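For reference, the chains in residue letters:
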Amino acid sequence: MKFSIAVLPGDGIGPEVIGEAVKVMEAVGRRFGHQFDTEEGRVGGNAIDEFGTPLPEATEALISDTDAVLFGAVGGPKWDDPRAPTRPEDGILAMRKMLGLYGNVRPVKVYPQLINSSPVKPEILKGVDMIILRELTGGLYFAKPKRRWDTSRGRRGVDTLKYTEQEIERIVRMAFEMAMGRRKRVTSVDKANVLETGRLWREIATEVGQDYPEVELEHVLVDAAAMQLIKNPAHYDVIVAENTFGDILTDEASVLSGSMGMLPSASMAGLPKKGRRGKRAISLYEPIHGSAPDIAGQGIANPIGTILSMAMLLRYSLTLEEEAVAVERSVEGALAEGYRTPDIAGDGGEVVKTPEMGDIIAGGI
Ligand code: IPM
Ligand code: MG
């Protein structure tokens, strides 16, 4: 089969890790007889430098006419001026909004080979296999008013936490749908003891839960969830949270897997509908880590989170399940053979550079 993929490397280590994911995707194409037509687009700080905007029109056109988007990371100190009119991060936020990507799926798995790379005790990590489903197009990130201004009594800033019933309903429903194919437990995270939006969230989660009697629903306050995620992570199956809480909890959860560099993510406008290939909404796949400017250009970034994101792209956007599994197995194989990038080398193994890790995983397809 033939597919078109928009590839957006971005800034910092983005191009390095994306290069390896594309390498592995090409290996998948050769082994399974597919043609992946990739086209690169600019996004983030490099796009600001060249076009004055983090999401140029050409990139908008590219991502609206493709089977899926593979994205690296954006940002860096060069564009960090708090008073700048636009930031690299605005590029990714604009893409999420433009494609209506309200559901961000972040699977957290602990690879047995990396169990000693995490600062958390091995006995606590056994059996960790959860999905954190983060709401991605609402809440503090997008709601208005959102601005800063000067007053006679000093500077002020405002962000708004706002959610509609529809926004909560669709993300919570997505969580239940995912749980039905898994261990049938949904943990809904909120701050219902303080926030109005939290109480609305809890109410709607309970209502939606009535449509899924087989699924156990539990409500946890976000502060308690942050603690339980480290104390008893194996308990969780599908965690669903609003945008900001999900952002924070997923960075925390990445510690369980040994490194931020390991975790993939998929951002989608709902779960793909079976058997409707071609009409499917466009989804975006990216590692959960950022552009890591401190290590950019050294060839030491971990490409696995991006490679696993590409596997999710194969599974969800292209319905190439066998191919996705081949990528995931090859990653496991590389880890089992002891190959490590520096971020996961805490327990020894053979330290390899970014391109070598890509070669090894591509070679295992
Ligand atoms: C993430 C990142 C982004 C976010 C930034 C880069 C805007 O932290 O994808 O988790 O906050 O959503
Ligand atoms: Mg984040």
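Nothing here was measured: the structure is a model prediction, and the numbers come from that model. (Residues numbered from 1 in each chain as written. Chains lettered and ligands numbered in written order. Predicted model: local features only at pLDDT ≥ 70, side-chain atom pairs only at ≥ 80, totals over all residues. Heavy atoms only, no water.)

Caption draft 1: Region of interest: the domain arrangement of the protein. By domain assignment, the protein separates into domain 1 (1–102 + 276–365) and domain 2 (118–257). Placing the centre of domain 1 and that of domain 2 at their C-alpha centroids yields a distance of 25 Å. If you look at the interface, domain 1 gives nine residues, while domain 2 gives 16 residues. Together domain 1 and domain 2 conceal approximately 1,100 Å² of surface at their shared face, both sides included; 60% is due to carbon and sulfur atoms. Here domain 1 is connected to domain 2 by zero salt bridges. Linking domain 1 with domain 2 are two residue pairs in polar contact (both at pLDDT 80 or more), by the criterion used here. In terms of residue count, the dominant contributor to the side of domain 1 that touches domain 2 is helix α4 (residues 88–98) (three residues). A breakdown of the residues in the side of domain 1 that touches domain 2 according to their chemical character gives five nonpolar, one polar and three charged. (Domains from an automatic or database assignment. Contact = heavy atoms within 4.5 Å. Buried area = accessible area lost by both parts, 1.4 Å probe. Salt bridge = Lys/Arg side-chain N within 4 Å of Asp/Glu carboxyl O. Polar contact = N/O pair within 3.5 Å; in protein donor to acceptor, adjacent residues only side chain to side chain. Helix = DSSP H or I, 4+ residues; strand = E, 2+ residues; numbered from the N terminus. Nonpolar A, V, L, I, M, F, W, Y, C, P; charged D, E, K, R; others polar.)

Caption draft 2: Structural view of the pairing of strand β2 (residues 35–40). Two strands pair when backbone bridges link them, and strand β1 (residues 2–10) and β2 are joined in this way by six bridges, in the parallel orientation. Within the sheet, the bridge partner assigned to valine 7 lies in β2 and is glutamate 40. (Pairing = 2+ DSSP bridges.)

Caption draft 3: Quick look at the site of ligand 1. All residues adjacent to ligand 1 are Glu89, Arg96, Arg106, Arg134, Tyr141 and Asp247. Between ligand 1 and aspartate 247, the relevant distance is 2.9 Å, taken from an oxygen atom to a side-chain nitrogen or oxygen of the residue. For the shell around ligand 1, the residue count by class is one nonpolar, no polar and five charged. (Near = heavy atom within 4 Å.)

Caption draft 4: Molecular detail of helix α12 (residues 354–363). Those residues of α12 that fall on the buried side of the exposure criterion are Thr354, Met357, Gly358, Ile361 and Ala362. Relative to the axis of α12, the buried residues are bounded by an arc of 130 degrees and lie together on one face. Contacts made by the buried residues of α12 are with α1 (14–32), α10 (304–317), α11 (321–336) and β13 (339–340). (Buried < 20%, exposed > 50% of the residue type's maximum accessible area, 1.4 Å probe, protein only. Arc of directions from axis to C-beta.)

Caption draft 5: Quick look at the packing of aromatic side chains. In total, this model carries three aromatic pairs according to the counting rule given. Between the aromatic rings of phenylalanine 3 and phenylalanine 36, the centroid separation amounts to 5.8 Å while the plane-to-plane angle is 20 degrees, which identifies the pairing as stacked. Taken together, the positions of phenylalanine 3 in strand β1 and phenylalanine 36 in strand β2 put the pair 33 residues apart, joining distant regions of the chain. Per residue, the accessibility class of phenylalanine 3 equals that of phenylalanine 36, and both read buried. Judged by centre distance (5.8 Å) and plane angle (75 degrees), the ring pair of tyrosine 163 and tryptophan 201 falls under edge-to-face. With tyrosine 163 in the loop between β7 (154–158) and α6 (165–180) and tryptophan 201 in helix α7 (residues 196–209), the pair connects residues that are 38 residues apart, well separated along the chain. As far as the burial class goes, tyrosine 163 and tryptophan 201 line up, both buried. The ring of phenylalanine 142 carries lysine 97 above its face, with NZ or CZ at 4.7 Å from the centroid. For the cation-ring pair, arginine 170 lies above tyrosine 102, with the distance from its terminal atom to the ring centre recorded as 4.1 Å. (Phe/Tyr/Trp six-rings, centres within 6.5 Å; stacked < 30°, edge-to-face > 60°. Lys NZ or Arg CZ within 6 Å of the ring centre and 35° of its normal.)

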